[in-house]
Amino acid sequence: MRIGIVGAGQLARMLALAGYPLGHQFLVYDRSTGTPGGQVAPDIVGAFDDPGQLRRFASQVDVVTFDWENVPVASARILAEDVPVWPPPRALEVAQDRVAEKNLFRRLGIGTAPYAAVSTQTDLRRAARRIGLPAVLKTRRMGYDGKGQAWLRDAADLEPAWQQLGGEPLIYEGFVAFGREVSLVSARSRDGDIVHYPLAENHHAQGILSWTRAPYVNEPLRRAAERHMVRVLEALDYTGVLCIEFFVRGRELLANEMAPRVHNSGHWTIEGAVTSQFENHVRAVTGMPLGSTAARGPAVMVNFIGDMPDADALLARPGVHLHDYGKTPR
Ligand code: AMP
């Protein structure tokens, strides 16, 4: 099949690299050329909200998927008029808004940090009174890797946080004193079959995923996370790979956010699992059966940002694999 990917970052690149052995072809769509995805697949350049260009893209593929969850929902719906689009635009819509996402978790009986939508300074003061401090103030939309966030330790932090973020729709979240962070990556096929990878444990530095180890073995948490995942996948009538990130507080799982796509915390599955998250996403969106998610053994994924390590020194160690995204270090 011809698979179109909207967004041509490293995830598109890794999806294409996983899908070629299955005989698929790829076409990636992004705002510029020379992207990580555009280095391994033909690309179309266009704005994410250009209906004409999006339709030209759709006319050249059999199915569309995403490497970026912030593609405008209206664009996803335009594409869906011409070609199957997975995950469904509704999943993007929910994942693009931290409040909608948490409302969905709550409706499905999945615990979250206490939260409140904030659009005025009065809302902010009210949220601080009701939920308390410390807390995190985040933009509802377009936040990633700790961007668009302000940490509130005491009442004196409210005013500067408002100066920094006010004017955009915000979410106020009670600070969760978590013991660790874990994520569950799962895939649902077009027929509704669901497979789950083992839980992964994630460590963030400055809001960015720094390293992941998997499997993180904890049976009660695994069962709880899978139960939550199945509810979300079914509520959204989802096809493809979905990741949910959780805080672990004692024996409790609190959902922080979800990514309606392959996820950084699932990169270990490339060499660490029988079938990678990328291959399973490609299989799901093309209607193929899903592959085994079993771990081949313990794995660690380390994310290098800014400075690239010396490749030779790394690869001299047996069992180490390197995935260069083809980006210019900044
Ligand atoms: P996010 O962009 O929501 O994934 O946040 C990035 C990271 O900030 C998370 O992985 C946590 O380490 C931390 N964080 C976010 N929200 C909270 C919260 N409500 N309580 C404690 N830590 C948080």
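The shown structure was predicted, so the numbers you read here are calculated from the model rather than taken from an experiment.

**Q** Sorry if this is basic, but what is going on with the sheet that holds strand S3 (residues 43-45) here?
**A** Two modes of strand pairing occur in sheets, parallel and antiparallel, and in both the strands are linked by backbone hydrogen bonds. Read from one edge to the other, the open sheet built from 4 strands follows the order S3-S2-S1-S4, with strand pairing classed as parallel. Taken across any chain shown, the strands that pair with only one partner, and hence form the sheet edges, are S3 and strand S4 (63-66). Taken over all neighbouring pairs, the strand axes of this sheet differ in orientation by 25 degrees on average, direction set aside. Note: strand S1 (residues 2-6) against strand S2 (residues 25-30), 5 bridges, orientation parallel. Residue Val6 lies in a different strand from S2, and its bridge partner there is Tyr29.

**Q** For this particular structure, what's the right way to read the side chain of Glu69?
**A** Topologically, Glu69 is positioned in the loop between S4 and helix H3 (73-82). A distance of 2.6 Å separates polar atoms of two side chains, one belonging to Glu69 and the other to Arg261. The residues contacting Glu69, other than those within four sequence positions of it, are Leu92, Gln96, Pro260 and Arg261.

**Q** Got a minute to help me understand the packing of aromatic side chains in this structure?
**A** Both the distance between ring centres and the angle between the ring planes are used here to describe each pair of aromatic rings. Throughout the structure, instances matching the rule amount to 7 aromatic pairs. Ring geometry for Phe48 versus Trp68: centroids 5.3 Å apart, planes at 35 degrees, classification tilted. Pair noted here: Phe48 is in the loop between S3 and helix H2 (51-58) and Trp68 is in the loop between S4 and H3, with a separation of 20 residues, a long-range link. Given a relative accessible area of 7%, Phe48 falls into the buried group. Each member of the aromatic cluster is reached from another via a ring pair, and the members are Tyr29, Phe48, Phe57 and Trp68. It is Arg31 that lies over the ring of Trp68; its NZ or CZ is 5.5 Å from the centre.

**Q** Sorry, what's going on with the environment of Arg126 here?
**A** Summarising the element assignment, Arg126 is placed in helix H6 (residues 121-131). The class for Arg126 is partly exposed, based on a relative accessible area of 47%.

**Q** Where do I start with the site of the ligand in this structure?
**A** Residues in contact with the ligand amount to 15 residues; listed here are only the nearest, Lys138, Gln149, Val176, Glu181 and Glu257. Interatomic distance of 3.4 Å between a side-chain N/O atom of His204 and an oxygen atom of the ligand. In isolation the ligand has 480 Å² of accessible area, and contact with the protein removes 95% of it. Within the residue set of the shell around the ligand, elements represented by two or more residues are strand S6 (135-139), strand S7 (149-152), strand S8 (170-174) and strand S14 (252-259). Grouping the amino acids of the shell around the ligand by side-chain chemistry returns 6 nonpolar, 4 polar and 5 charged.

**Q** Quick question: what am I supposed to make of the pairing of strand S9 (residues 180-188) here?
**A** Two faces, one strand: in a regular strand the side chains alternate between the faces of the sheet. Along S9, 8 of the 9 residues are buried, which leaves the element largely enclosed by surrounding structure. Pairing analysis gives 3 bridges linking S9 to strand S11 (residues 200-205), with the strands arranged antiparallel. Looking at the pairing, Ser183 lines up with Ala200 of S11. In this sheet, strand S10 (residues 194-196) lies alongside S9 in antiparallel orientation, the contact comprising 3 bridges. Within S10, the residue paired with Arg188 across the bridge is Ile194. Joining the antiparallel neighbours S9 and S10 is a turn of 5 residues, in which Gly192 adopts a positive phi near 95 degrees.

**Q** Sorry, what's going on with the pattern of salt bridges here?
**A** Any two side chains of opposite charge can pair, so long as their charged atoms come close to each other. Across all of its chains, the model carries 19 salt bridges by this definition. Arg140 serves as the salt-bridge partner of Asp97, at 2.8 Å between the closest nitrogen and oxygen. Highlighted residues: Asp97 in the loop between helix H4 (89-95) and helix H5 (98-107) and Arg140 in the loop between S6 and S7, separated in sequence by 43 residues. Among the salt bridges present, the one from Lys102 reaches Glu173, with a minimum N-O distance of 2.9 Å. Of this pair, Lys102 sits in helix H5 while Glu173 sits in strand S8; the two residues are 71 residues apart in sequence, bridging distant segments of the chain.

**Q** So what exactly am I meant to see when it comes to the nonpolar core here?
**A** In a soluble, globular protein the nonpolar side chains are often hidden away together inside. By size, the foremost hydrophobic cluster in this structure holds 33 residues, and its most contacted members are Ile5, Phe26, Trp268 and Phe278. Elements supplying a minimum of two residues to this core: S1, helix H1 (10-19), S2, S9, strand S12 (208-214), strand S13 (240-249), helix H10 (277-285) and strand S15 (299-302). With 6 residues, H1 is the largest single contributor of residues to this core. Ignoring anything within four residues of it in the chain, the contact list for Phe26 reads Ile3, Ile5, Leu15, Ala16, Gly19, Tyr20, Ala41, Pro42 and Val282. Grouped together as the second largest cluster of nonpolar side chains are 26 residues, Ala91, Leu104, Val232 and Phe246 included.

Basis of the calculations
Numbers given to residues run from 1 along each chain, matching the order in which its sequence is written. At least 70 in pLDDT is required for a residue's local features to be given in this predicted model, at least 80 for side-chain atom pairs to be given and counted, and no such filter applies to totals for whole chains, interfaces and linings, which use all residues. Remark: hydrogens and water are excluded; side-chain values derive from all non-hydrogen atoms of the structure. Here, strands pair whenever DSSP counts at least two bridges between them. Only runs of H or I of at least four residues qualify as helices and only runs of E of at least two qualify as strands under DSSP, and these elements are numbered from the N terminus. Geometry is summarised by axes, namely lines fitted to C-alpha atoms with helices restricted to the contacting stretch, and by angles between N-to-C directions that run from 0 to 180 degrees. For this analysis, a polar contact is any N or O atom pair within 3.5 Å, provided that within protein one partner can donate a hydrogen and the other can accept it, and provided that sequence-adjacent residues contribute only side-chain to side-chain pairs. Whether two residues are in contact is decided by their heavy atoms, any of which lying within 4.5 Å being enough. Aromatic pairing here means that ring centres of Phe, Tyr or Trp (its six-membered ring) are within 6.5 Å. Orientation follows from the plane angle: under 30 degrees is stacked, over 60 is edge-to-face, and everything else is tilted. The cut-offs for exposure are 20% and 50% of the maximum accessible area for each residue type, with area from a 1.4 Å probe on protein chains only; residues under the lower value are buried, those over the upper are exposed, and the others partly exposed. Definition used: whenever NZ (Lys) or CZ (Arg) falls within 6 Å of the ring centre and also within 35 degrees of the ring normal, the charge is taken to sit over that ring. Only heavy atoms are used to decide nearness, and a residue is near a molecule or strand if one of them lies within 4 Å of it. Using a 1.4 Å probe, the Shrake-Rupley method yields the accessible areas, and only the shown protein chains count as cover for residues. Throughout this entry, Asp, Glu, Lys and Arg are counted as charged residues, while Ala, Val, Leu, Ile, Met, Phe, Trp, Tyr, Cys and Pro are counted as nonpolar. The remaining residues, Gly among them, count as polar. A pair is scored as a salt bridge if a Lys or Arg side-chain nitrogen falls within 4 Å of a carboxyl oxygen belonging to Asp or Glu. Residues belong to one nonpolar core when they are buried, are Ala, Val, Leu, Ile, Met, Phe, Trp, Tyr or Cys, and are joined through side-chain atoms within 4.5 Å.

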